[in-house]
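Take a look at the letters that make up each chain.
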Amino acid sequence: MIDSISFDRIASNTPKILISNCKFADHQYSIAGLEISYLKIESSNGGFYLDDFYGRLEIQTNSGIECRNSYFLGANKFASNYLSFHSNIIVGNVTFDLRDKMNMFKVLGNSFYLTNENPLSLKLNTESDWNRTISMDSTMYPKRLNDPMNMLFAGMNASVPELSIESSNDSFIGEFIFDQNRAYKTDSTEIEISLRGIKAEDFYFRDNKINCRSELTEIIINNRASILNNRFLQTVNLSGMIYSEFSNEIPYDQFKGRIITSIDTPSSSADGLGQGSMTNWEAYYGYTEFELSNSTGFNRLLFSHRQLYNIYKERGDLRSANGVYTDIKSLETRRIKHTYKTKGGMKNFINWKLNQLLQSYTEYGTDPAKAILISIYVILLFSLVYMFFPSTWDDFDRSKMLTELRDGKALRFLRNILLIIVNSMVLSLNAFVTLGFGSIPTKGTPKYITIVQGFIGWFLLGIFSVALINQVLF
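Residues numbered from 1 in each chain as written. Predicted model: local features only at pLDDT ≥ 70, side-chain atom pairs only at ≥ 80, totals over all residues. Heavy atoms only, no water.

Before going further, it helps to examine the packing of aromatic side chains. Tallied over the entire structure, the rule returns 18 aromatic pairs. In this structure, K353 packs its charged tip against the face of W352, placed 4.1 Å from the ring centre. (Phe/Tyr/Trp six-rings, centres within 6.5 Å; stacked < 30°, edge-to-face > 60°. Lys NZ or Arg CZ within 6 Å of the ring centre and 35° of its normal.)

Here it is, written out as structure tokens:
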């Protein structure tokens, strides 16, 4: 039994210290001002406090670890039942190995400088249900050891190549919270935030600004899902999500036009002989001709959208339901266009153009106000055409209007101009809404134009009526 141990100002030319398979007394030991290339401590019971440490560190203990104001290089690993990680600089990669009896996990105020080869990762090593809280939030964490457990990533603001949190066992976490974090990409680094296989009673993902690819995949939520006020600047993969049956707060504005899925694609084996195969996962966006020909990817992406649509319908969230529905119909329109280009056929062509019309006129039946506005534009456009043709509603001779103006009858001239405008607009409105004229008050070309406008008005008003009823009865 080792009762005490001290590291204080060890010379920087000491390359490596290894303390292995030791059992310490149940105390906390301090490592301060140590500058060394590599320190490894494993199989110990004592707690460790590190301050002003410089180098690479691996600690495995059944007690606790607290690190402050240190500078970590290379591959670092922390495995313990209690971990507080505050105001450190990390140049390399860090693995946090969370034990089954984890009491507290706090990570806040740190600066991560990582590369594609050195990701930041968390390992959840729990064999049974972990009725604790995993929290990534700058303010929510336990004040006392006996309070509900948090795993905390506080105010992360860095260019991180990969933040990967994955759980592959059947245990459930009490709460999983990922709040108020910032992640962005640089010109030379492709980065990704990946939350995969997490099983939680409550799942919170709020107030984050993420300018990188994001994955929230294969997550199972039993009680409450709250994904709010996030700003996703790039794509979001929601494949395999199983949302709560009780409470889901997931406004669609944050996802609009950014949801993707993933598909498995076979590739040749590493031996280069083509004898075996392995599976790669590729992002599926649903835009290119190659992607649209893949029915599996198309159906998966459609399903991810329809899951959300069903949630919004159940909650009565009309705004979000309209948003995801327009994305669903846009995806279907691209698929119909692809079908027409590859197989042809008049029916495919008509379906494609009808979908384009529905998108332009009413946002696929979700925006009756847009339909009214466009109808007004159509009426004004046709009225402009009718202004150049005489009507039986005119009570004056158009050919004499300029003569009257030259004779100084300006007021009469203006009155006739106003009458032409009013008659043209009434004619256009009457033709558009198909109220009927008795006899059409014009001859020649404009007579046939009114018939065409009447058909357009009948068709567009029918679409408007359906869109209005759809919104009223939501």
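Throughout the structure, instances matching the rule amount to 3 cavities of 30 Å³ or more. Counted as a void, the largest cavity has a volume near 60 Å³. What lines the largest cavity is simply Y386, F389, P390, S391, R398, I420, N423, S424, L427, T442 and P446. Considering each element in turn, the lining of the largest cavity owes the most residues, 4 residues, to helix α7 (residues 410-433). (1 Å grid on protein atoms, 1.4 Å probe; cavity = no way out; pocket = protein on both sides within 12 Å on 5 of 7 lines; lining within 4 Å. Points joined across faces, edges and corners; volume = space filled by probe spheres on them. Helix = DSSP H or I, 4+ residues; strand = E, 2+ residues; numbered from the N terminus.)

Take helix α5 (residues 368-386) next. With 19 residues, α5 should reach 27 Å at 1.5 Å per residue; the first-to-last C-alpha distance of 27 Å fits that figure. Those residues of α5 that sit buried are P368, A371, S375, V378, I379, F382, S383 and Y386. Along the long axis of α5, the arc covered by the buried residues comes to 130°, so they all point the same way. Among the exposed residues of α5, those pointing more than 90 degrees away from its buried face are A369, Y377 and L381. (Expected span 1.5 Å × (residues − 1). Buried < 20%, exposed > 50% of the residue type's maximum accessible area, 1.4 Å probe, protein only. Arc of directions from axis to C-beta.)

Between helix α4 (residues 346-362) and α5, whose axes approach to 7 Å, the crossing angle comes to 90°. By the criterion of interaxial angle, the relationship of α4 to α5 is roughly perpendicular. Taken together, the residues of α5 that come into contact with α4 (itself represented by Q359, S360, Y361 and T362) are K370, A371, I374 and S375. Its residues placed into classes, the contact of α4 with α5 shows 3 nonpolar, 4 polar and 1 charged. (Axes fitted to C-alpha atoms, helices over the stretch in contact; angles between N-to-C directions. Parallel < 35°, antiparallel > 145°, perpendicular 65-115°, else oblique. Contact = heavy atoms within 4.5 Å. Nonpolar A, V, L, I, M, F, W, Y, C, P; charged D, E, K, R; others polar.)

Note that predicted coordinates carrying low pLDDT should not be read in detail. On average, residues of the chain score 77 in pLDDT, and 70% of them reach the 70 mark or higher. The least confident element of the chain is strand β14 (residues 130-136), whose mean pLDDT is 40; the most confident is helix α3 (residues 318-343), at 96. Per-residue pLDDT stays below 50 along residues 8-16; that stretch engages in 17 contacts with residues further than four places along the chain or on separate chains. Low pLDDT, under 50, characterises residues 268-279; the stretch is placed with 13 contacts to residues that sit more than four places away or in other chains. (pLDDT = per-residue confidence, 0-100.)

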